[in-house]
Amino acid sequence: EYDYPAIDIINEPGKVFKYSGGGFLVLEYIIEEISKKSIDIISKSFFENLGLKELNFQQKSILESKYAFGYDDNKNEIIDGYKMFPSFAAGMMGTSKNLMIFLKHLAQAHKDLNGSGGISHDTAVNMLNGKDLGCQEFMKANMGLGVFIVEAGENKFMLHQGANDGFRAIYLYCFSGPDTHKGLSILCNANLNGVVLNS
């Protein structure tokens, strides 16, 4: 529908790191096929249990919603030919504050055997158990499940960067070490200018 390239499996799953949203597309498809519901409907109660009122996977046109427009490097709004980004791969909508609340729950679930807000301890440990498999060469980080892991002294951080047409984002959140629960989340609506701002 949006002229994305086909998903090709180029490595045996779990053996080699290669950055791609393809795995998230497949995961989203499988969950929707099994449940016979959209990801937006499935995730709604999960987000509510975490107290995240401003995060969702609604696939609405930016023209129909309250969200910010993206801008190209010449400061033009990106409207014509606007793409909807697949939910799991790059289509979450929300605020940096709600993203930080989610990261806080994930970090808390990592250290608390009782989990946090619907995220189990086992899930958090699996997500935040970083390994290399080529990820260090890509961005000097290890790969968790859906998140990158970096270390600074005794601290371990969750890290991810986002880049859609007209948008750039980054978060960095400490989940283990003396600076646990310190972090940042920056969302901006620009292309290369946004990378400079985030830096």
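Read on for a plain summary of the structure. The structure presented is a predicted model; accordingly, all values stated were derived computationally and were not measured.

### Comments concerning the pattern of salt bridges
Then, number 1: Throughout the structure, instances matching the rule amount to two salt bridges.
Then, number 2: The closest approach of N and O atoms between Glu 33 and Lys 36, which form a salt bridge, is 3.8 Å.
Then, number 3: With relative accessibility at 38%, the residue Glu 33 sits in the partly exposed group.
Then, number 4: Judged by its relative accessible area of 66%, Lys 36 falls in the exposed class.
Then, number 5: Here Lys 182 makes a salt bridge to Asp 179, at a shortest N to O gap of 3.2 Å.

### Describing the environment of Ala 190
Then, number 1: Secondary-structure assignment places Ala 190 in the loop between β7 (183-188) and α7 (192-198).
Then, number 2: The buried category is assigned to Ala 190, whose relative accessible area is 15%.
Then, number 3: Leaving out residues up to four positions away in the same chain, Ala 190 has contacts with Tyr 71, Gly 166, Phe 167 and Arg 168.

### Considering the environment of Leu 159
Then, number 1: Topologically, Leu 159 is positioned in strand β5 (residues 155-164).
Then, number 2: On the basis of relative accessible area, Leu 159 is assigned to the buried category, the value being 11%.
Then, number 3: Measuring from C-alpha to C-alpha, the distance between Leu 159 and Tyr 171 comes to 5.6 Å, with 12 residues separating the pair along the chain.
Then, number 4: Those residues in contact with Leu 159, other than ones at most four positions away along the chain, are Met 139, Val 147, Phe 148, Val 150, Ile 170, Tyr 171 and Leu 172.

### Considerations on the environment of Ile 31
Then, number 1: Here Ile 31 lies in helix α1 (residues 22-35).
Then, number 2: With 123 residues separating them along the chain, Ile 31 and Glu 154 place their C-alpha atoms 37 Å apart.
Then, number 3: Apart from residues lying up to four places away in sequence, Ile 31 is in contact with Ile 39, Ile 42 and Phe 88.

### Some thoughts on the packing of aromatic side chains
A ring pair, where both rings are aromatic, is described by two values, the distance of the centres and the angle of the planes.
Then, number 1: With the rule as written, the count across this model stands at eight aromatic pairs.
Then, number 2: Measuring from centroid to centroid gives 5.5 Å for Phe 17 and Phe 138, while their planes differ by 50°, and the two rings are tilted. Here Phe 138 lies in helix α6 (residues 135-139) and Phe 17 lies in the segment before α1, a separation of 121 residues in the sequence.
Then, number 3: Of the aromatic side chains, those joined through ring pairs into one cluster are Phe 17, Tyr 19, Phe 138 and Phe 148.

### A few points about a nonpolar patch on the surface
Then, number 1: A contiguous nonpolar surface patch, about 570 Å² in accessible area, is contributed by Ile 7, Leu 25, Val 26, Tyr 29, Ile 30 and Ile 34.
Then, number 2: Position of Ile 7 relative to the elements: it lies in the segment before α1.
Then, number 3: Judged by its relative accessible area of 48%, Ile 7 is partly exposed.

### Points about the sheet that holds strand β3 (residues 142-143)
Then, number 1: Strand order across the open sheet formed by five strands is β3-β4-β5-β6-β7, with antiparallel pairing between neighbours. With one partner strand each, in any of the chains shown, β3 and β7 form the two edges of the open sheet.
Then, number 2: Pairing analysis gives five bridges linking strand β4 (residues 148-152) to β5, with the strands arranged antiparallel. Paired with Val 150 across the two strands is Phe 157, which belongs to β5.

### Quick look at the nonpolar core
Then, number 1: Counting residues in each nonpolar core, the largest one holds 22 residues, and the members touching the most others are Phe 102, Leu 103, Leu 106, Ile 119, Leu 128 and Met 158.
Then, number 2: Examining the composition of this core, we find that six residues originate from one element, helix α4 (residues 96-111), more than from any other.
Then, number 3: Look past the residues within four positions of Ile 119 in its chain and what remains in contact with it is Phe 46, Leu 50, Phe 102, His 105, Leu 106, Ala 109 and Ala 124.
Then, number 4: Counting 10 residues, the second-largest nonpolar core is a separate cluster that includes Cys 135, Phe 157, Leu 159 and Cys 174.

Rules and cut-offs
Residues numbered from 1 in each chain as written. Predicted model: local features only at pLDDT ≥ 70, side-chain atom pairs only at ≥ 80, totals over all residues. Heavy atoms only, no water. Salt bridge = Lys/Arg side-chain N within 4 Å of Asp/Glu carboxyl O. Buried < 20%, exposed > 50% of the residue type's maximum accessible area, 1.4 Å probe, protein only. Helix = DSSP H or I, 4+ residues; strand = E, 2+ residues; numbered from the N terminus. Contact = heavy atoms within 4.5 Å. Phe/Tyr/Trp six-rings, centres within 6.5 Å; stacked < 30°, edge-to-face > 60°. Patch = residues over 30% accessible without salt bridge, like charges linked within 9 Å, V, L, I, M, F, W, Y side chains within 5 Å. Areas by Shrake-Rupley, 256 points an atom, 1.4 Å probe, with all protein chains shown as cover. Pairing = 2+ DSSP bridges. Core = buried A, V, L, I, M, F, W, Y, C linked by side-chain atoms within 4.5 Å.

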